[in-house]
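An overview of the molecular structure
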Amino acid sequence: MLTERTLGGTGHWRLYALLFLFLLIPPAVAEKVKLDPSNWGLEEGKACVSCHKKSSAALTHEWQSSAHADAGVNCLDCHLADQVDNDAIEHEGAIIATIVSPKDCGRCHTKEFKETEGSVHAKAVSVVKNRLPALADDLSGKEMVAAGCAQCHGSIVEVRGDGTLTPETWPNSGIGRINPDGSLGSCSACHGRHSFSKAQARDPSACTWCHTGPDSPDDEVYASSKHGMLYEANRSKMNLQSDQWVLGKDYSAAPTCVTCHMGTTPGVKGSHDVGMRDAWSLNRPVSERQYLVIFEDGDRRELPESQPAPRRGSELVKLDGTMGKVKAVASPKRRRQIMSKVCLECHGKNFVNSYMKQFDNLVKLYNEKFGKPAEAIMAALYEKELLTPAPFDEPIEFSFWRLWHDEGTAARHGAAMMSPNYASWEGMHRVAQNFYGEFLPQLRQLAGEAVANELIETHLTSLDQNSWLNNPAKPNPTLGYGIGKESHE
Amino acid sequence: MSKLRLPLFITRHVVIALLIGGFAGIGFVLFLTEFDHLTSTETFCTTCHSMELVADPYRQSSHYRPASGVQASCGDCHVSEGVFAATWDHFVGSKDLFNQIFGPDYDDPVINALHLPDAAFAARDWFKQRDSATCKRCHVKEAIFGTRPDTVLIHTEDAKDKTCIECHYNLVHRVVPDKAVFKRDKWNRMIEEEFGLSPGEADKLLGGE
């Protein structure tokens, strides 16, 4: 029976529930440092600036204009090292390290450190470790690793016995850098030293430093997309300096890389785990939808959807080879949902779902028509010993590599980020040019007509998408066939 | 009128003795001056092969081949100014000669490199105790203008209470970290790698003496 009293009580209950729900909503504000300010502003570090504004004026000027300087964070707060640290050096009476690792930044920026630590960015070295001997050592040379690969992927920083850092591994700001203290990554990959400006990190150029060029043309894709177009035109409205940067509240003119891959929206919590919202693997010979496995210790890894989803509490190999206990698994569907939620701040549900459909369809088309057949043909060639096991010593190996690593990636990224030019001309069209114009002729030359035809029949012409090859008599005037002749009606 | 009278104990023999002693003294001081001078040269120092090993990086350094042509020789930095101080330094330094003959085989590049950090620490302490006196033979803080506008300010303001060696070490010889961060284990591994020794061999070589 309801009395006034119970009704009143229910009213309170509702209020509390509402309050409780409100607390559950992810904070819309960028994570503030929770540490007490007494933890920084080391007395011994206050004097550094006097000399450094003379010896390295520009660097000091950058710091002076930073939020760090405003908050009283001085040189030593970040550069302080322990005597026992491998890379500790004595400098003007202080014991410091040149490299400020994510672990050092994480002393204050705990949340960001935890998020990046398990992310694909932090694993950027292990991602290419197996490829380096062929790509870097054989094709280019070890000298290129320091100047090229490692600048984006990160170096394994070597400290000599005399405390100096080897020029082969330092300077380096690669995002997966393996630091002398064992931590992974480099905050300064995106956050330029020593101003650590929010605006700079939110600008797409922070990402396109590495995400550019044939194998990940995201700079070019974004610039030629509607989003990039709007950003260019509306940069002044982007409110990049704002303390809080929530889509729909603090800015709306255009989304940047950060917005979709890491940013905060009213319904989505921002995170420095940059790959979290990616449902597909787009940089492999054949794309797969993938789980995100989160381990008890905060580490993360991806797992193709074709494998059974790991159970909570079960053991699974982590990327570093050790075993980890599974804490949670985000399905590809869940990851897509989160990404779509960002889209919904500007677009309608139907728009978003249909756009995602267009994207998925292109990925599947690439997979079925080119990725899978090419991969299967390559496997057969290796098996039949028509190719030597060493990569890149036969022309077809270059064609296959370019097909998925460069052209196929351009197509898939182009579709993912709405660049028609990259989805098509720089992407699928180049894939097709390569596949029909180079890869298959090379296959015929290498394997001979009989074997080549057998492989083509098994892996290609049996498929709908490639069945046009069975129909060489079907005319089309694109390349001049029939032009000048009387039409046949 | 009174005649200048020498005390009675100044006999002819005493006068002769004083004269001989005086000349011998002057001769001795002149000898020491020459001796200190000669024993401070690169040529003298590198008569021991072990010193060749540390002279090698010195010959690549700006102290050996400065644009100004003002070359600092071993003794200019490592031997104090003034005949008595210089002689004392040489006297103390003779323990190096003793060690060269009776101590570890410093002529062996590996042994030399393994002992180098201790030598560097001792040398740095020596400079510090003397307020970098030998640096100041040539370098005057107020006259360091450098090539950048603020170099003079750094030296007159920020380095006001500092002595040269506190900032300027690892200038001439092989890089050795400061004592505070030196790690013997890492150093030994580096030397092993450099000379193609098996792991642990350096420790044996060091401990073997």
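About the cut-offs
- Residues numbered from 1 in each chain as written.
- Chains lettered and ligands numbered in written order.
- Predicted model: local features only at pLDDT ≥ 70, side-chain atom pairs only at ≥ 80, totals over all residues.
- Axes fitted to C-alpha atoms, helices over the stretch in contact; angles between N-to-C directions.
- Helix = DSSP H or I, 4+ residues; strand = E, 2+ residues; numbered from the N terminus.
- Parallel < 35°, antiparallel > 145°, perpendicular 65-115°, else oblique.
- Left-handed = near helix turned anticlockwise from the far one by under 90°.
- Contact = placed C-beta atoms within 7 Å.
- Nonpolar A, V, L, I, M, F, W, Y, C, P; charged D, E, K, R; others polar.
- Pairing = 2+ DSSP bridges.
- Buried ≥ 20, exposed ≤ 12 C-beta atoms within 10 Å, placed from the backbone.
- Expected span 1.5 Å × (residues − 1).
- Core = buried A, V, L, I, M, F, W, Y, C linked by C-beta atoms within 7 Å.

**Overview of the packing of helix α6 (residues 109-129) of chain B against helix α9 (residues 184-195) of chain B**
Residue and element names in this part refer to chain B. Interhelical geometry of α6 versus α9 gives an angle of 155 degrees and a closest axis separation of 10 Å. Taken together, α6 and α9 sit at an angle that is classed as roughly antiparallel. Crossing hand, α6 versus α9: right-handed. Where α6 abuts α9, its residues Val110, Ala113, Leu114 and Pro117 lie against Trp187, Asn188, Ile191 and Phe195. Taken together, the residues of the contact of α6 with α9 sort by class into seven nonpolar, one polar and no charged.

**Some remarks on the pairing of strand β7 (residues 323-330) of chain A**
Residues and elements named next belong to chain A. Examined bridge by bridge, strand β4 (residues 288-295) and β7 share four bridges and lie antiparallel to one another. Looking at the pairing, isoleucine 294 lines up with alanine 328 of β7. Here strand β6 (residues 315-317) runs beside β7; their pairing, made up of three bridges, is antiparallel. By the bridge assignment for β7, leucine 316 is matched with glycine 324. The antiparallel hairpin formed by β6 and β7 contains five residues in its connecting segment, where glycine 321 sits at a positive phi of about 95 degrees.

**Some details on the environment of Leu440(A)**
Residues and elements named next belong to chain A. Assignment of secondary structure puts leucine 440 in helix α20 (residues 420-461). With 21 C-beta atoms counted inside 10 Å, the residue leucine 440 sits in the buried group. Distance in space between the C-alpha atoms of leucine 440 and lysine 357 is 30 Å, their sequence separation being 83 residues. With sequence-adjacent residues up to four places away left out, leucine 440 is seen in contact with Phe435 and Ile456.

**Structural notes on helix α18 (residues 349-383) of chain A**
All names here are of chain A. With 35 residues, α18 should cover 51 Å at 1.5 Å per step; its first-to-last C-alpha distance of 48 Å lies within 8% of that length. When α18 is considered as a whole, its buried residues turn out to be Phe359, Leu362, Val363, Tyr366, Asn367, Phe370, Gly371, Pro373, Ala374, Ile377, Met378 and Leu381. The first or second residue beyond α18 is glutamate 385, which carries a positive phi of 60 degrees.

**Section: the nonpolar core**
Residues and elements named next belong to chain A. One finds Ala374, Leu403, Ala411, Phe439 and Leu443 to be the most contacted residues of the largest nonpolar core, which totals 82 residues. The element best represented in this core is α20, accounting for eleven residues. Setting aside anything within four residues of it in sequence, one finds leucine 403 in contact with Phe370, Ala374, Gly408, Val431, Asn434, Phe435 and Phe439. With eight residues, the next largest nonpolar core counts Met238, Tyr251, Val268 and Val342 among its residues.

**Remarks on unusual backbone geometry**
Trp170(A) connects to Pro171(A) through a cis peptide bond whose omega is 5 degrees. Mapped onto the fold, Pro171(A) is located in the loop between α11 (149-153) and α12 (198-202). Along the chain, Arg193(A) connects to His194(A) via a cis peptide bond; the corresponding omega equals -15 degrees. Structurally, the position occupied by His194(A) is in the loop between α11 and α12. Here the phi dihedral of Asp131(B) falls at roughly 55 degrees; this positive angle occurs in a residue that is not glycine. Assignment of secondary structure puts Asp131(B) in the loop between α6 and α7 (151-158). Accessibility expressed as a C-beta count within 10 Å gives 12 for Asp131(B), which makes it exposed.

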